[in-house]
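Single-letter residue listing:
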Amino acid sequence: MSIDELYTFLKYLSNKSQSGNLTPVQFNISAERAQVEYFNKQYREYQKTREVTDAISVWLVDSIINPDPTTGQVPYPSDYKHVAGVRHIRFVSGIATPVAVEEVTTNDLGTFLMSQVTPPTLKYPKMAYYNSYMLFAPKNVGAIQFDYFRQPVVPVWGYTVVNNRPVYNPATSVNFEAVDSDLNEITFMMMSHLGIYLSSQQVVAYAEQMKTENV
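## Here we look at the overall build of the chain
Line of reasoning, step 1. Counting secondary structure elements, the chain contains six helices and ten strands.
Line of reasoning, step 2. Compactness check: the chain gives a C-alpha radius of gyration of 24 Å against a globular reference of 17 Å for 215 residues, more than 25% above the reference.
Line of reasoning, step 3. Taking all 215 residues of the chain together, the buried fraction comes to 39%.
Line of reasoning, step 4. Relative to all contacts within the chain whose residues are 6 or more apart in sequence, the contacts with residues 24 or more apart total 67%.
Line of reasoning, step 5. Just so you have it, the chain exposes about 12,400 Å², and 51% of that area is on carbon and sulfur atoms.

## Considerations on the side chain of Q35
Line of reasoning, step 1. One can find Q35 in helix α2 (residues 24–49).
Line of reasoning, step 2. A relative accessible area of 1% means that Q35 is categorised as buried.
Line of reasoning, step 3. A polar side-chain atom of Q35 sits 2.8 Å from the main-chain amide nitrogen of E177.
Line of reasoning, step 4. Setting aside anything within four residues of it in sequence, one finds Q35 in contact with W59, P152, V153, P155, F176 and E177.

## Re the packing of aromatic side chains
Line of reasoning, step 1. Inspection of the entire model under this criterion finds 16 aromatic pairs.
Line of reasoning, step 2. Residues F39 and Y43 carry aromatic rings whose centres are separated by 6.3 Å and whose planes lie at 5° to one another, so their mutual orientation is stacked. Of this pair, F39 and Y43 both sit in helix α2, four residues apart, which is roughly one turn of that helix.
Line of reasoning, step 3. For F39, a relative accessible area of 1% translates into the label buried.
Line of reasoning, step 4. Measuring from ring centre to ring centre gives 5.8 Å for Y43 and F149, while their planes differ by 75°; the resulting arrangement is edge-to-face. Residue Y43 is located in helix α2, and its partner F149 is located in strand β8 (residues 144–150); the two are separated by 106 residues in the primary sequence. Taken as a pair, Y43 and F149 share a single burial class, namely buried.
Line of reasoning, step 5. Connected via pairs of aromatic rings, a cluster forms that spans Y38, F39, Y43, Y46, W59 and F149.

## Digging into the side chain of S173
Line of reasoning, step 1. Within the element layout of this structure, S173 appears in the loop between β10 (165–168) and α5 (183–194).
Line of reasoning, step 2. Taking relative accessible area as the criterion, S173 reaches 17% and is therefore assigned buried.
Line of reasoning, step 3. A distance of 2.8 Å separates a polar atom in the side chain of S173 from the backbone nitrogen of G158.
Line of reasoning, step 4. If we ignore the near neighbours within four places in the chain, the residues touching S173 are I3, V156, W157, G158 and Y168.

## Concerning the sheet that holds strand β1 (residues 60–65)
Line of reasoning, step 1. What the four strands build is an open sheet, ordered β1-β8-β3-β4; its pairing is antiparallel. Across the chains shown, the open sheet's two edge strands, defined by having one partner strand only, are β1 and β4 (95–100). Direction aside, the axes of adjacent strands within the sheet are offset by 30° on average.
Line of reasoning, step 2. The pairing of strand β3 (residues 80–92) with β8 spans seven bridges and is classified as antiparallel. Residue pairing for β8: V83 is matched across the bridge by Y148.
Line of reasoning, step 3. On top of the sheet, α2 reaches β3 and β8; it is set at about 45° to β3, its chief contact.

## Section: the pairing of β3
Successive residues of a regular strand alternate their side chains across the two faces of the sheet.
Line of reasoning, step 1. As defined by bridge partners, β3 adjoins β4 across six bridges and the pair is classed as antiparallel. Bridging across to β4, F91 finds its partner in A96.
Line of reasoning, step 2. Between the antiparallel neighbours β3 and β4 lie two residues, among them S93 with a positive phi of about 55°.

Parameters and conventions
Residues numbered from 1 in each chain as written. Predicted model: local features only at pLDDT ≥ 70, side-chain atom pairs only at ≥ 80, totals over all residues. Heavy atoms only, no water. Helix = DSSP H or I, 4+ residues; strand = E, 2+ residues; numbered from the N terminus. Rg over C-alpha atoms; globule rule 2.2 N^0.38 Å. Buried < 20%, exposed > 50% of the residue type's maximum accessible area, 1.4 Å probe, protein only. Contact = heavy atoms within 4.5 Å. Areas by Shrake-Rupley, 256 points an atom, 1.4 Å probe, with all protein chains shown as cover. Polar contact = N/O pair within 3.5 Å; in protein donor to acceptor, adjacent residues only side chain to side chain. Phe/Tyr/Trp six-rings, centres within 6.5 Å; stacked < 30°, edge-to-face > 60°. Pairing = 2+ DSSP bridges. Axes fitted to C-alpha atoms, helices over the stretch in contact; angles between N-to-C directions.

Encoded structure:
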């Protein structure tokens, strides 16, 4: 379902429920809230199971980062939301071997750095998260395989004004990032935000009615 189809459907439901006229501004605000709500739900499920489902994989990014060899620091990707996995690419006899990087607190990292017994090494690297950057030890850790979940895009029903009426503009529109099977869930999220109170049976009935009326 495109964002235009969803907007048309919600306008229809808003009219049927006598919730008032649904404006593009109202729709776009609700769409952004629903996208964030949907992402947070999928991420909570991922935290519980550590299973990369079709739904959460939409936002999974596989990247290579290179910490500064003099400081061990590297900034977060501009679209970073949550970490998924961190591995150091270590070369053993010329063969690239991924090594898990241990994620520790900033305090623990300081303890490891001062340790004469268990300091961070290329075989057992450490990392800690700071406000605007990540810190890796040892500093010369080199390339890092950094998997993370990016921020969802902001869905937008783009439009131009023709004869004082908003007209859909696909060039400036952005669809939801969601698997097709979950678009119904997003629809109900938006209905809740917009004060459209209908049962699932009523929604299905109105969807069939729209088809009959060729809306």
